[in-house]
Amino acid sequence: MQATTETRGTVLIVDHDPTVLFVIQQILMAADYRVLLAADRAGATRMAQQKHIHIDLVLLDVRVPGVSGAELADEILSIRPDVRVLWMSGFVD
């Protein structure tokens, strides 16, 4: 079987928990996605500002240190209005 360099798309994962970042990264990479990681607001906006990097989806924790997930989503969408945002949370309250 020959390895392929093609991916299904690029996903930016934003979560402050390194374990969550690692697990989701491994799952998505096994499914042939390119994965970008950000642990906080600064990292996420820095990635979004990199115009040479195509981002198909932002997988965003609803609780990001120092900012609400909704505010961060708005910031990212102001930089990249066509990107899709998918929310995630480990909290049930």
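Residues numbered from 1 in each chain as written. Predicted model: local features only at pLDDT ≥ 70, side-chain atom pairs only at ≥ 80, totals over all residues. Heavy atoms only, no water.

Visitor: What am I meant to see in helix 2 (residues 41–49) here?
Guide: At 3.6 residues per turn, the α-helix brings residues three or four places apart onto the same side. When we look at burial in helix 2, the residues that qualify are Gly43, Ala44, Thr45 and Ala48. In this fold, the buried residues of helix 2 make contact with strand 1 (10–14), strand 2 (34–38) and helix 3 (69–79). (Buried < 20%, exposed > 50% of the residue type's maximum accessible area, 1.4 Å probe, protein only. Helix = DSSP H or I, 4+ residues; strand = E, 2+ residues; numbered from the N terminus. Contact = heavy atoms within 4.5 Å.)

Visitor: Please clarify how unusual backbone geometry should be interpreted in this entry.
Guide: It is generally the case that most residues other than glycine have a negative phi and that most peptide bonds are trans. Phi at Asp32 takes a positive value of approximately 70°, unusual for a residue other than glycine. With respect to the element layout, Asp32 can be found in the loop between helix 1 (18–30) and strand 2. Using a relative accessible area of 40% as the deciding quantity, one classes Asp32 as partly exposed.

Visitor: Would you explain the nonpolar core in this entry?
Guide: Most often, soluble globular proteins have nonpolar side chains that are buried together. Judged by nonpolar contacts, the single largest core of 17 residues is most densely connected at Leu12, Val14, Ile55, Val58, Leu60, Leu72 and Ile76. At the level of secondary structure, the elements contributing two or more residues to this core comprise strand 1, strand 2, helix 2, strand 3 (57–61) and helix 3. In terms of residue count, helix 3 provides more of this core than any other element does, 4 residues in total. With near-sequence residues (within four places) excluded, Leu72 lies in contact with Val14, Arg41, Ala44, Thr45, Leu60, Val64 and Val67. By size, the runner-up hydrophobic cluster in this structure holds 8 residues, among which are Val11, Ile24, Leu28 and Leu59. (Core = buried A, V, L, I, M, F, W, Y, C linked by side-chain atoms within 4.5 Å.)

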